[in-house]
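# Tertiary structure, described
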Amino acid sequence: AGAAGDELRGGCGARRAGAGDGVDTGVGGDKLSWDIFVQDVPVDAKKIADIPDDFKPAPIGKHSDVIQKIKEIVPFADFTDPEWGLIDGEGFSIEVNIPADDDLLMGFAFHVRGGVTAVGIIADILDQLGLRAIDGGSDTGFFDRDKAQASLLRWRAYRDQVINAPRSDDQS
């Protein structure tokens, strides 16, 4: 992992009010996040392409059990809204989007803003749950504790390039 103050400046999708307060999210920061998607995937899949076309993911557990296990790893996680948990730490913020449509979950997402400390927290939560996750920025497509920091940094570089690119409607 790296320094907790190493800010990720970004988010995608809805953002819970107050999420990331105090985290330097930079230009457009409350609009962009590094997103990790948790669901059942075959344990023997080494990369996304290894998942059979006919694979049917199983439910990953009960909504309340997933929240309880997350809180065992991160006792300060705020699940006042059980669909949008918030893990705020020094220099990072993780929103945990857990759909409450039905009791058995098929998956959920982490929306990360801030420093690389978030990588270790996500890895610990996944270990506690016995689950894997999809990280679109990794070389395999899967979240990997040992490679996730590099994935986050690649995402940040891409995000910064997009945010800082001249817009086609600029008149300058």
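Everything discussed here concerns the structure shown above.
The paragraphs below set out a description of the structure included in this document. (Residues numbered from 1 in each chain as written. Predicted model: local features only at pLDDT ≥ 70, side-chain atom pairs only at ≥ 80, totals over all residues. Heavy atoms only, no water.)

### Quick look at the overall build of the chain
The secondary structure content of the chain amounts to three helices and seven strands. Relative to its full complement of 172 residues, the chain shows a buried share of 40%. Sequence separation of 24 or more characterises 58% of the internal contacts of the chain that already satisfy a separation of 6 or more. Accessible surface, the chain: about 9100 Å² in total, of which carbon and sulfur atoms supply 51%. (Helix = DSSP H or I, 4+ residues; strand = E, 2+ residues; numbered from the N terminus. Buried < 20%, exposed > 50% of the residue type's maximum accessible area, 1.4 Å probe, protein only. Contact = heavy atoms within 4.5 Å. Areas by Shrake-Rupley, 256 points an atom, 1.4 Å probe, with all protein chains shown as cover.)

### Points about the sheet that holds strand 6 (residues 107–114)
Sheet architecture is open: five strands sit in the order 3-4-6-1-7, paired in antiparallel fashion. Two strands lie at the open edges of the sheet, namely strand 3 (84–89) and strand 7 (132–134), each paired on one side alone. Going from strand to strand, the sheet's axes swing by 25 degrees on average, the running direction of each strand aside. Pairing geometry for strand 3 and strand 4 (residues 92–97), over six bridges, is antiparallel. In the sheet register, Asp 88 faces strand 4, and the bridge partner there is Ser 93. (Pairing = 2+ DSSP bridges. Axes fitted to C-alpha atoms, helices over the stretch in contact; angles between N-to-C directions.)

### So, the packing of aromatic side chains
Here a ring pair, both rings aromatic, is described through the centre-centre distance and the interplanar angle of the planes. Summed over the entire model, instances satisfying the criterion amount to two aromatic pairs. Between the NZ or CZ atom of Arg 132 and the centre of the ring of Phe 142, over which it lies, the distance is 4.0 Å. (Phe/Tyr/Trp six-rings, centres within 6.5 Å; stacked < 30°, edge-to-face > 60°. Lys NZ or Arg CZ within 6 Å of the ring centre and 35° of its normal.)

### Observations regarding helix 2 (residues 117–129)
Across its 13 residues, helix 2 extends 19 Å between first and last C-alpha, which sits within 8% of the 18 Å expected from 1.5 Å per residue. Residues Ala 118, Val 119, Ile 121, Ile 122, Ala 123, Ile 125, Leu 126 and Leu 129 constitute the buried set of helix 2. (Expected span 1.5 Å × (residues − 1).)

### Focus on the environment of Leu 105
Relative to the helices and strands, Leu 105 is located in strand 5 (residues 104–105). On the basis of relative accessibility, which here comes to 2%, the residue Leu 105 falls in the buried class. When the C-alpha atoms of Leu 105 and His 63 are compared, they prove to be 6.1 Å apart, with 42 residues separating the residues in sequence. Setting aside residues no more than four positions away along its own chain, Leu 105 makes contact with Pro 59, Ile 60, Gly 61, Lys 62, His 63, Val 66, Ile 98 and Pro 99.

### So, the pattern of salt bridges
Applying the stated criterion across every chain, the model contains six salt bridges. We note a salt bridge from Lys 47 to Asp 50, for which the minimum N-O separation is 3.3 Å. With relative accessibility at 41%, the residue Lys 47 sits in the partly exposed group. Judged by relative accessible area, Asp 50 falls into the partly exposed class, the value being 33%. For Asp 139, the salt bridge goes to Lys 147, with nearest N and O atoms at 3.7 Å. Judged by relative accessible area, which is 61%, Asp 139 ranks as exposed. For Lys 147, a relative accessible area of 39% corresponds to the partly exposed category. The network of salt bridges with shared partners includes Asp 124, Asp 127 and Arg 145. (Salt bridge = Lys/Arg side-chain N within 4 Å of Asp/Glu carboxyl O.)

Taken by themselves, the reported measurements are silent on function.
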